[in-house]
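Okay, here's what each chain looks like letter by letter:
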Amino acid sequence: MAVYIHGQSGMGKSAFIRYFLDKLQNQEKELVILTGRCYEHEFVPYKALDSLMDSLASYLSDLTKGEKALIIPKDINALARIFPVFNQISEISEASSELLDQLNFQQLRQRAFIALRNLLIQLGKEKLLVLYVDDLQWGDSDSAILLQEILRIPNAPRLLFLASYRSEDALGSELLQILLHEDVDMLAQQQEIELKALSLEESYKLAKTLLDDMSKEQAEVIAAEAGGSPFFIGEFVRYSQQGHNFTHTTAEKMVKNDLNSLDEVIQRNIKELPETARNLLEIIAIAGQPIDRKIAKQAANIKDEDQVVVINVLRANRLVRAKASKQHYELELYHNRIKEAIVKSLASQIIESHHANLALALEELSGDDPQRLA
């Protein structure tokens, strides 16, 4: 089954799904959750599924040899040709793949698609399986075709495919136009859930819940200004916690002092950060996708002894989050809305400088990733 959660930016789609998955994980001990995210400025094949395949490869790596033998299909090498991350698994990298050299691209791709489908079928027989992809709207047509192969009936893998996307970007998304509107009768059952804006009363209650000692007037102004967006309410509340007041100007129109938009609230918060933290935040925003901590540190010219403090400042302000694994410690912005506000505020010369510093850091520390360097 496939479930698509959509709504305007800031409506809490990701938080809603994380809450559901956390609750599900507590109820089902045999549950396997594989997660991924699609990034607007990432340029890799099958970009909607690239990080999801990283998650799948990481899960397979932790299995015993016996467990791997039960679920890894014979054509797995074809999948590794398209997603090289699977070559990190010795049972896959050491297997013979000479026959694949004789196939053309279309034949190789078809084998890879079938291998992934069979892998998920076997995994679904052993475990309760959830695949979750955030920001699906940035996906490409190749990702849509691969997802159709996974979800096609009959005999689709036993899994729940969860995805979130921005409603405002749906019409311009190649992937969504294919996946949601073409040959849907050939796919497993799918359902769309729209997260709508909070009502004024709900917005007021959320503001008061986030900051219990907030005055009634402050909560009313925030509720009116946020336009029903939980993310906006959270940002305005945090700004209020820093000592900034929100006031009524007339009975008909309520404004936040001289602040006219959420962008300005975010930008003012960032201006109050130490310069080193601000530089690192801008580098992460310009990168447009998760970035290795070492690369970000070098691009932002941060000293080794300062990096932990700087990162903790950004995490404490809910501006970035860390993604740690055995191979990487990556940083990414807490929300796309923060990235948009940062990039919008930067002069073109600063953006060019950050791009140059990122390129130099990537060249020195990640020479095996020419696609991203380009």
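Whatever comes next refers back to the structure up there.
Residues numbered from 1 in each chain as written. Predicted model: local features only at pLDDT ≥ 70, side-chain atom pairs only at ≥ 80, totals over all residues. Heavy atoms only, no water.

### A few points about the overall build of the chain
The helix and strand tally for the chain stands at 18 helices and 10 strands. Relative to the globule expectation of 21 Å for 374 residues, the C-alpha radius of gyration of the chain, 23 Å, shows essentially globular dimensions. Considered along the principal axes of its C-alpha atoms, the chain spans approximately 75 × 45 × 35 Å. Counting every position in the chain, which comprises 374 residues, the buried fraction comes to 47%. Long-range pairs, those at least 24 residues apart, make up 72% of the contacts in the chain with a sequence separation of at least 6. Counting 41 positive and 55 negative side-chain charges, the chain places the centres of these two groups 3 Å from one another. (Helix = DSSP H or I, 4+ residues; strand = E, 2+ residues; numbered from the N terminus. Rg over C-alpha atoms; globule rule 2.2 N^0.38 Å. Buried < 20%, exposed > 50% of the residue type's maximum accessible area, 1.4 Å probe, protein only. Contact = heavy atoms within 4.5 Å. Lys, Arg positive; Asp, Glu negative; His and termini not counted. Charge placed at Lys NZ, Arg CZ, Asp CG, Glu CD.)

### What to know about the packing of helix H13 (residues 275-287) against helix H16 (residues 336-345)
Where H13 contacts H16, the axes come no closer than 9 Å and their chain directions differ by 105°. With respect to their mutual orientation, H13 and H16 come out roughly perpendicular. Across the interface between the two elements, Leu-281, Glu-282, Ala-285 and Ile-286 from H13 touch Lys-339, Ile-342 and Val-343 from H16. By residue class, the composition of the contact of H13 with H16 is five nonpolar, no polar and two charged. (Axes fitted to C-alpha atoms, helices over the stretch in contact; angles between N-to-C directions. Parallel < 35°, antiparallel > 145°, perpendicular 65-115°, else oblique. Nonpolar A, V, L, I, M, F, W, Y, C, P; charged D, E, K, R; others polar.)

### Notes on the packing of aromatic side chains
According to the stated counting rule, one finds four aromatic pairs in the structure shown. Geometrically, the ring pair formed by Tyr-46 and Phe-113 is edge-to-face, given 6.0 Å between the ring centres and 80° between the ring planes. One end of the pair, Tyr-46, is in the loop between strand S2 (31-37) and helix H2 (50-61); the other, Phe-113, is in helix H6 (residues 105-126), with 67 residues separating them in the sequence. Like Tyr-46, the residue Phe-113 is buried in the burial classification. Geometry around Tyr-329 places Arg-293 over its ring, the cationic atom sitting 4.1 Å from the centre. Its guanidinium or amino end placed over the ring of Tyr-334, Arg-321 lies 4.5 Å from that ring's centre, counting from NZ or CZ. (Phe/Tyr/Trp six-rings, centres within 6.5 Å; stacked < 30°, edge-to-face > 60°. Lys NZ or Arg CZ within 6 Å of the ring centre and 35° of its normal.)

### So, unusual backbone geometry
Here the amide bond leading from Ile-153 into Pro-154 is cis, since omega sits at 0°, within 30 degrees of zero. Relative to the assigned elements, Pro-154 resides in the loop between helix H7 (141-151) and strand S4 (160-166). In this structure, Tyr-46 takes a positive phi of about 55° despite not being glycine. In this structure, Asn-301 takes a positive phi of about 60° despite not being glycine. As for its position among the elements, Asn-301 is in the loop between helix H14 (293-299) and helix H15 (307-316).

### Focus on the side chain of Ser-164
Structurally, the position occupied by Ser-164 is in strand S4. Since its relative accessible area comes to 0%, Ser-164 is described here as buried. Side chain to side chain, Ser-164 and Asp-134 meet in a polar contact 2.4 Å long. Contact partners of Ser-164, with chain neighbours within four places excluded, come to Ile-5, Lys-13, Ile-17, Tyr-132, Val-133, Asp-134, Asp-135, Leu-136 and Gln-137. (Polar contact = N/O pair within 3.5 Å; in protein donor to acceptor, adjacent residues only side chain to side chain.)

### Here we look at the side chain of Lys-68
Mapped onto the secondary structure, Lys-68 falls in helix H3 (residues 65-71). What Lys-68 contacts, discounting residues up to four positions off in sequence, is Leu-60, Ser-61, Leu-63, Ile-89 and Glu-91.

### With respect to empty space enclosed by the protein
Inspection of the entire model under this criterion finds two cavities of 30 Å³ or more. Empty space within the largest cavity amounts to approximately 100 Å³. Around the largest cavity, the lining residues are Arg-37, Tyr-39, Ile-284, Ala-285, Gly-288, Gln-289, Glu-332, Leu-333, His-335, Asn-336 and Lys-339. Counted by class, the lining of the largest cavity contains four nonpolar, four polar and three charged residues. (1 Å grid on protein atoms, 1.4 Å probe; cavity = no way out; pocket = protein on both sides within 12 Å on 5 of 7 lines; lining within 4 Å. Points joined across faces, edges and corners; volume = space filled by probe spheres on them.)

### Focus on the nonpolar core
The biggest cluster of nonpolar side chains holds 57 residues, and the ones touching the most others in it are Tyr-4, Leu-56, Phe-86, Leu-136 and Phe-161. No other element matches the eight residues that H6 contributes to this core. Setting aside residues no more than four positions away along its own chain, Leu-56 makes contact with Leu-34, Phe-86, Leu-116, Leu-119, Leu-120 and Leu-123. Judged by nonpolar contacts, the second largest core, of 44 residues, contains Ala-219, Phe-236, Ile-283 and Ala-287. (Core = buried A, V, L, I, M, F, W, Y, C linked by side-chain atoms within 4.5 Å.)

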